2 protein chains.
Amino acid sequence: MSIQNQTKLNIGLFGFGVVGESLYKVLEQTPTLNAHISKVCIKHPEKLRNAPASLFTTDAETLLNDPNINVIIELIDDSDAAYSIVTRALTSRKAVISANKKLIAEHIEELIGLQRQYNVPLLYEAACCASIPVIRNLEEYYDNDLLQGISGIVNGSTNYILTKVFREKKTFADALLEAQLEGFAESNPALDIEGTDAVNKLSILLAHAYGVIVHPQSLLHNGIQQLKAEDAAFAKEKGYEIKLVARAKKLQNGKIAAFVLPQFVVGEDQLYTVNNEYNGVVIESSLADKQFFYGKGAGGFPTASAVLSDLSALRYNYGYEYKKLSNNNTAAITSDFHLKVCISFKDLLQVPHDSFERIIEWSSNENRCHVTGIIHCSELVNSKWWKQPDVSIIVYPNGIIENYRPGKTNAGVNLELAEQLV
Amino acid sequence: MSIQNQTKLNIGLFGFGVVGESLYKVLEQTPTLNAHISKVCIKHPEKLRNAPASLFTTDAETLLNDPNINVIIELIDDSDAAYSIVTRALTSRKAVISANKKLIAEHIEELIGLQRQYNVPLLYEAACCASIPVIRNLEEYYDNDLLQGISGIVNGSTNYILTKVFREKKTFADALLEAQLEGFAESNPALDIEGTDAVNKLSILLAHAYGVIVHPQSLLHNGIQQLKAEDAAFAKEKGYEIKLVARAKKLQNGKIAAFVLPQFVVGEDQLYTVNNEYNGVVIESSLADKQFFYGKGAGGFPTASAVLSDLSALRYNYGYEYKKLSNNNTAAITSDFHLKVCISFKDLLQVPHDSFERIIEWSSNENRCHVTGIIHCSELVNSKWWKQPDVSIIVYPNGIIENYRPGKTNAGVNLELAEQLV
């Protein structure tokens, strides 16, 4: 076993935006890393760059065909273009680092296949929570049987908005505007707000935590676009905050419950302390118990720091092993469990109340109704009523219920009567 | 670059206590790890073990001379015996995993030399904060210039005691007893209580964070043995809690301030959320900004989980590079800075008040005096008055002061007069 098997890294970089330029600067200042950017492929040669003109090209082939380049780093915004770069690079037996969560999430099966076929690594620590080394840590969790669950705040932009609403009493609209001004939102903010970015990350986490390959769009998810000021007030009354949480939990039958939904978070939960643009992930396992990783989930330097960590790993020939995927894994996503949720709405007609297994609590005022109840996950998967602009859904702490036994009454709530009262 | 270079690990294990047995169990249940315990060396063959008798020997040489054993895992309590095992194993070109913080901290320079000379890795993630992968993460921080500081709660036993005192209003004595009953204390609890364990860990952190090799006993440190109930009350009044914090900070002149002392911690600090036997480390860097790692810092399974993570790393030939040490590093520990501290005491004669650069605040009642002031670090390094049983010292948040400019008066406090009043 050697500790001196450093590979010299000659890098072909795609993209010279905030992250790319941060990376370039750091590598220039860190000769000890034994990594050097040979060429940068950019889309807009007319833009002024803070680097020698000789470094740049608009021709991807220059990088992909250069036999001296042994690492391709892909940091572009366009996930379709990224797909063709990354797959071309892997088939050319170049190691690849990517920060593109959409690309990874949607094509992970193919990308794993290419890594195996061509025996080259693809690393993407930056694609999930930027500076937080969550993928690497999940990879080193040796056995998925021991991993009980993951709860993460994985989207900085929505978390920033929720923090401003809760801590600084701003409106959702003002807070969104502020997040955009601060540059915490994706180039298309809907990707953040509607939970798309978060569910992409959840799907990457699922592959490394449980060896489950699932297309992000087929996972139950929602964002914060439907939350109302009244929901924040309702949460506060109960001593909660609302966070957008990516959740995965191994059920007793070995199947995995997984979703991205707004969730009430209590003060004792580590996620309660994750504010503004920060991300945080709680990993529960049988051995290590509860681990919490916290850090900046977005931005040029935090993302560059994750890319650098991948580069550093390439020097000792590190590659993800996806061993949970290889071990004849029978883990699969299930929607056969119940959730304790709060549904908030204006007009009772929007909510098919026979969807609930049980109504636990009911409150309404002239602006808004809040119903707390138990609902089967498949009811959410198979319906769309809870995606109406005027309806919001928030999961309770410990809201995943296995083996729910009905039989209790609806807390004395006569919904037909309630309907007439609204 | 290969992602299939798995090395089959044949393990010789020293020690079969809580951690050793946990490790054995997990490896038995995890054939996919491609790691197998060939032999276990124990001290007491008469003890009943939950493993086949054929696995055990009392002869260290059987393990160290077996050419099929390529990994030695050392999990024994006696750091002198551990030293001879680990050095023998390295010189026999076997990879080594150790959880022994005292051994690593006190002999790190020699152990690094042996790794280089014999080109074999020594990994010891479990030696610092057990399940929290802090060493691996510091190693992958590519450049020490970018690492601004570390603050950590690295001793679970003292943190457990402080939590019980603060959150459950127990006395220090009762809380210590409880920690011992819960098994969170070292076999010699003084090692925890007096800060020895914490400063061992700080010295390991310093090597990986800044490439500074320093004997733990030469670092400024204290434990919680002198804290009084009145100190807890004083802290609470100001909205603080007291935690035992291992702190390292890179000063503007490139030198490193480093110490383990009780510290007031504010609610916004991530360390505030670290309670009971948990550990937490905040790493501040220019790129990633602030990262926080939290998890169980002690116990059989959390420690075994760190050992497993090291085993997993050995499969792809990972070794610490100590690159911050190699890069002609000029970083060194300094005591040339000021600290804002609270000194609490019963008898003013115990505290040489001309030690202070400035007194900011003074309060006293019939039980206790509290003086808040600015003191030069070298005053603490070169004196012992603050180690008297009846004196306690607590550092304020952001208490490291660079370039302190005297000139302000002593907040109107006439210490000679105060002395007469006590």
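Above this note sits the structure.
Residues numbered from 1 in each chain as written. Chains lettered and ligands numbered in written order. Predicted model: local features only at pLDDT ≥ 70, side-chain atom pairs only at ≥ 80, totals over all residues. Heavy atoms only, no water.

1. Here we look at the overall build of chain A
Check the secondary structure of chain A and you find 14 helices and 16 strands. Taken over C-alpha atoms, the radius of gyration comes to 23 Å for chain A, in line with the 22 Å a tight globule of 422 residues would show. Projected onto its principal axes, the C-alpha positions of chain A cover 75 × 50 × 35 Å. For chain A, with 422 residues in total, the buried portion stands at 60%. The contacts in chain A between residues at least 6 apart in sequence include a share of 73% that link residues at least 24 apart. Summing over all exposed atoms, chain A offers an accessible surface of approximately 15,900 Å²; the carbon and sulfur share of this is 47%. The distance from the centre of the 39 positive side-chain charges to the centre of the 48 negative ones in chain A is 3 Å. (Helix = DSSP H or I, 4+ residues; strand = E, 2+ residues; numbered from the N terminus. Rg over C-alpha atoms; globule rule 2.2 N^0.38 Å. Buried < 20%, exposed > 50% of the residue type's maximum accessible area, 1.4 Å probe, protein only. Contact = heavy atoms within 4.5 Å. Areas by Shrake-Rupley, 256 points an atom, 1.4 Å probe, with all protein chains shown as cover. Lys, Arg positive; Asp, Glu negative; His and termini not counted. Charge placed at Lys NZ, Arg CZ, Asp CG, Glu CD.)

2. Looking at the pairing of strand 5 (residues 95-98) of chain B
All names here are of chain B. Side chains Ala95 and Ile97 project from strand 5 onto one buried face, and the interleaved Val96 and Ser98 project onto a second face that is buried too. As paired strands, strand 4 (residues 71-74) and strand 5 are joined by four bridges and run parallel to one another. Counted as the bridge partner of Glu74 is Ser98 from strand 5. Running through helix 3 (residues 79-91), the crossover from strand 4 to the neighbouring parallel element strand 5 is right-handed. Examined bridge by bridge, strand 5 and strand 6 (residues 122-123) share two bridges and lie parallel to one another. The residue of strand 6 that forms the bridge with Val96 is Leu122. A crossover links strand 5 with its parallel partner strand 6, the connecting element being helix 4 (residues 101-118), and its sense is right-handed. (Pairing = 2+ DSSP bridges. Right-handed = clockwise from strand over helix to strand, strands pointing away.)

3. A look at the sheet that holds strand 6 of chain B
In spatial order, the strands read 3-2-1-4-5-6 (chain B); together these six strands make up an open sheet with parallel pairing. For this open sheet the edge positions go to strand 3 (56-57) and strand 6 of chain B, each flanked by a neighbour on one side alone.

4. A few points about unusual backbone geometry
Residues and elements named next belong to chain A. For Arg93, which is not a glycine, the phi torsion comes out positive at approximately 60°. Positionally, Arg93 belongs in the loop between helix 3 (79-91) and strand 5 (95-98). Phi is positive for Asn119, which is not a glycine, with a value near 55°. Mapped onto the elements, Asn119 comes out in the loop between helix 4 (101-118) and strand 6 (122-123). Using a relative accessible area of 24% as the deciding quantity, one classes Asn119 as partly exposed.

5. Structural notes on the side chain of A:Glu125
Residue and element names in this part refer to chain A. Mapped onto the fold, Glu125 is located in the loop between strand 6 and helix 5 (134-139). An unpaired buried charge is present at Glu125: no salt bridge exists, and Arg136, the closest side chain of opposite charge, is 4.1 Å distant. A polar contact is formed between the side chain of Glu125 and the backbone nitrogen of Val134, at a distance of 3.0 Å. In this structure Glu125 touches Ala130, Ile132, Pro133, Val134, Ile135, Arg136, Ala306, Asp310 and Tyr320, once residues within four positions along its chain are discounted. (Salt bridge = Lys/Arg side-chain N within 4 Å of Asp/Glu carboxyl O. Polar contact = N/O pair within 3.5 Å; in protein donor to acceptor, adjacent residues only side chain to side chain.)

6. Examining the interface of chain B and chain A
Across the boundary between the two partners, chain B contributes 59 residues, which contact 59 residues of chain A. Summed over both sides, the interface between chain B and chain A buries roughly 5,000 Å², with carbon and sulfur atoms accounting for 54% of that surface. Our count for the chain B to chain A interface comes out at four salt bridges. Across the pair A:Lys296 and B:Asp289 runs a salt bridge whose closest N-O atoms are separated by 3.3 Å. Seen at the junction of chain B and chain A, the total is 12 residue pairs in polar contact (both at pLDDT 80 or more). For the side of chain B that touches chain A, the per-class residue count stands at 26 nonpolar, 23 polar and 10 charged. Sheet topology places strand 12 (residues 289-296) of chain A next to strand 12 (residues 289-296) of chain B; three bridges connect them, and they run antiparallel. Opposite A:Tyr294, over in strand 12 of chain B, you have B:Phe292 as the bridge partner. (Buried area = accessible area lost by both parts, 1.4 Å probe. Nonpolar A, V, L, I, M, F, W, Y, C, P; charged D, E, K, R; others polar.)

7. Quick word on the nonpolar core
By size, the foremost hydrophobic cluster in this structure holds 227 residues, and its most contacted members are A:Leu311 and B:Leu311. The two domains that each donate at least three residues to this core are domain 1 (139-296) and domain 2 (338-421) of chain B. Once residues lying within four places of it in the same chain are set aside, the contact partners of A:Leu311 are A:Leu9, A:Ile11, A:Leu27, A:Leu33, A:Ala35, A:Val71, A:Ile73 and A:Ile97. (Core = buried A, V, L, I, M, F, W, Y, C linked by side-chain atoms within 4.5 Å. Domains from an automatic or database assignment.)

8. With respect to helix 1 (residues 18-29) of chain A
Residue and element names in this part refer to chain A. An ideal rise of 1.5 Å per residue puts 16 Å on 12 residues; helix 1 measures up with 17 Å between its terminal C-alpha atoms. Within helix 1, the full set of buried residues consists of Val19, Gly20, Glu21, Ser22, Leu23, Tyr24, Val26 and Leu27. Each element contacted by the buried residues of helix 1 is listed here: strand 1 (9-14), strand 2 (35-41), strand 4 (71-74) and helix 11 (300-315). (Expected span 1.5 Å × (residues − 1).)

9. Considerations on the relation of the copies chain B and chain A
Least-squares fitting of chain B to chain A yields an RMSD of 0.0 Å, with the superposition described by an axial translation of 0.0 Å and a rotation of 180°. Read as a symmetry element, the transformation amounts to a two-fold axis. The rotation axis passes nearest to the C-alpha of B:Phe293 in chain B, at a distance of 2.4 Å. Both copies present the same face, since 100% of the interface residues in chain B are matched by interface residues at the equivalent positions in chain A. (Least-squares fit on C-alpha atoms with pLDDT ≥ 70 in both.)

10. A closer look at the packing of helix 3 of chain A against helix 4 of chain A
All names here are of chain A. Direction vectors running N to C along helix 3 and helix 4 enclose 10°, while the axes themselves pass 10 Å from each other. By the angle between their axes, helix 3 is roughly parallel relative to helix 4. For the pair helix 3 and helix 4, contact is made by Ser79, Ala82, Tyr83, Val86, Thr87, Leu90 and Thr91 and by Lys102, Leu103, His107, Glu110, Leu111, Leu114 and Tyr118, respectively. Taken together, the residues of the contact of helix 3 with helix 4 sort by class into eight nonpolar, four polar and two charged. (Axes fitted to C-alpha atoms, helices over the stretch in contact; angles between N-to-C directions. Parallel < 35°, antiparallel > 145°, perpendicular 65-115°, else oblique.)

The quantities given are spatial measurements derived from coordinates; they are silent on function.
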